[in-house]
Amino acid sequence: MSGQEVVFALLGVVAVGSAILVVTTRRLVHAALWLVVSFGALAGGYLVLTAEFVAWVQVLIYVGAIVVLLLFGIMLTRAPIGESADLDSGNRWAAAAVAAATAAVLVTVVVMGFGDERMALEAGGGSAEALGASVFRTWVLPFEILSVLLLASLVGAIVLSRSDIRARPETRVRSEEREPERGDAGGEDGV
Amino acid sequence: MHLAYPTVVAALLFSVGVYGVLARRNAILVLMSVELMLNAVNLNLVTFDIWLRDPLHGGQVLTLFTIVIAAAEIGLGLAIVLLVFRNRRNVDVDRLRALSERADGPDEAGPDEDGEQPAEPGRAAPAEEARP
């Protein structure tokens, strides 16, 4: 067992252990914070695998953006900060059985398929220079399409979360009926 | 380095995510579990990219694309969850039964405070028209 394998095994144990805590803890905020630990350990794993640019993107996007977004979601849905007993649904034993079966099948397939394979880790393969050249030479069209997709999804998120956009004509009529009341109220306030 | 280490870690992460999606009730925790599964896929992509020594770096570039799609997904997913919370006052996926075929479904999921919960469940989706 080489040093790389030891480090990667430790990081993998941390990642999987904190992932298990994410799905079993009784506190919502703790779940989000354990998610940070899991993603951080995975970023360390990417570093061991010499994919350094992916590791830093993982830290930036996942730990920096997505977990913060999830914490905002927890805050805005007024979730209880302390322990809540009803975070698990009634079918958790069925879920555990399905997950155990998935794990058994996947681990068996992977070990039988790639148990003897080894890979040589050489520095530089996943550097920002190599990946940048690859993105902007070979994969530039998917990159541009993906940027449009990201823009569209964020516009969609804004449209979904704004409360003053009316969807249908009848609701628009209702909102116009409501407008004079607001105007009157404002006038009274002004007077 | 053995290829089995990262792939086994990815498989375990994926099954933990499967458990979370199936067992959790809070919609935000379900989204977190989806993120765990996406991370397992990312780890697999990076591993096979390194193993195959892809000169185009297809696996790592696809990992970056997956991260972007995960960001888009979590943004849209949280917007939908917040919309559901504004309409229903909870984000409990077990109680969102408005689309169920059983007759008792919408009653169980109906909001308590606004009386004009529509008869057909499809109308429940637009946000603000049910609010007073």
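Residues numbered from 1 in each chain as written. Chains lettered and ligands numbered in written order. Predicted model: local features only at pLDDT ≥ 70, side-chain atom pairs only at ≥ 80, totals over all residues. Heavy atoms only, no water.

Convention followed: UniProt positions are given in the numbering used here, feature names are shortened, and annotations may be inferred rather than shown by experiment.
As recorded by an unreviewed UniProt entry, chain B carries the name NADH-quinone oxidoreductase subunit K and is attributed to Actinomadura livida. The heading Sequence similarities (unreviewed entry) in the UniProt record of chain B holds the text "Belongs to the complex I subunit 4L family." Listed in UniProt under the heading Catalytic activity (unreviewed entry), the comment for chain B reads: "a quinone + NADH + 5 H(+)(in) = a quinol + NAD(+) + 4 H(+)(out)".

With an unreviewed UniProt entry as reference, chain A is termed NADH-quinone oxidoreductase subunit J, source organism Actinomadura livida. Per UniProt, chain A has the following entry under Sequence similarities (unreviewed entry): "Belongs to the complex I subunit 6 family."

**With respect to the interface of chain A and chain B**
Formally: We call two residues contacting when some pair of their heavy atoms lies within 4.5 Å. Put simply, buried area is how much 1.4 Å-probe accessible surface two parts lose in total, over both of them, once they are put together. We define a salt bridge as a side-chain nitrogen of Lys or Arg found within 4 Å of a carboxyl oxygen belonging to Asp or Glu. Between N or O atoms, a polar contact is any pair within 3.5 Å; within protein, one atom must be a potential hydrogen donor and the other a potential acceptor, and residues adjacent in sequence are included only when both atoms are from side chains. Just so you know the grouping, Ala, Val, Leu, Ile, Met, Phe, Trp, Tyr, Cys and Pro go in nonpolar, Asp, Glu, Lys and Arg go in charged, and all remaining residues, Gly too, go in polar.
At the interface, 87 residues of chain A touch 73 residues of chain B. A combined buried area of about 7,400 Å² lies between chain A and chain B, and 73% of that area is made up of carbon and sulfur atoms. When the buried surface of chain A facing chain B is broken down by residue, A:Val23, A:Met119 and A:Leu160 rank first, second and third, together holding 9% of it. For the interface between chain A and chain B, the tally reads two salt bridges. B:Arg24 is paired through a salt bridge with A:Asp88; the nearest N and O atoms lie 2.9 Å apart. On the surface where chain A and chain B come into contact, there are 16 residue pairs in polar contact (both at pLDDT 80 or more). Along the lines of polarity and charge, the residues of the side of chain A that touches chain B split into 53 nonpolar, 23 polar and 11 charged.

**Here's the deal with the UniProt feature "transmembrane region" (unreviewed entry) in chain A**
Residue and element names in this part refer to chain A. Going by this rule: Each helix corresponds to a stretch of at least 4 residues labelled H or I by DSSP, and each strand to a stretch of at least 2 residues labelled E; elements are numbered beginning at the N terminus.
Sequence positions flagged by UniProt for "transmembrane region" (unreviewed entry) are, in local numbering, residues 6-24, 31-49, 55-81, 93-114 and 139-160. Overall, residues 6-24 shows 100% helix and 0% strand. The separation of its end C-alpha atoms is 27 Å. In this annotation, residues 139-160 is assigned 95% helix and 0% strand; the end-to-end C-alpha distance for the span is 31 Å.

**Comments concerning a nonpolar patch on the surface**
Residues and elements named next belong to chain A. Worth spelling out the cut-off: Only residues whose relative accessible area exceeds 30% and that take part in no salt bridge are eligible for patches, with like-charged residues grouped when within 9 Å of each other and nonpolar side chains (Val, Leu, Ile, Met, Phe, Trp, Tyr) grouped when within 5 Å. In these tables, accessible area is a Shrake-Rupley quantity obtained with a 1.4 Å probe, and a residue counts as shielded only by the protein chains included in the view. Whether a residue is buried, partly exposed or exposed follows from its accessible area with a 1.4 Å probe, protein chains only, as a fraction of its type maximum: under 20%, in between, or over 50%, in that order.
Taken together, the side chains of Val 14, Leu 21, Trp 34 and Val 37 define a hydrophobic patch exposed on the protein surface, amounting to about 290 Å² of accessible area. Going through the elements one at a time, helix 1 (3-24) and helix 2 (28-48) are the ones with two or more residues in the nonpolar patch. Mapped onto the secondary structure, Val 14 falls in helix 1. Accessibility expressed as a relative area gives 40% for Val 14, which makes it partly exposed.

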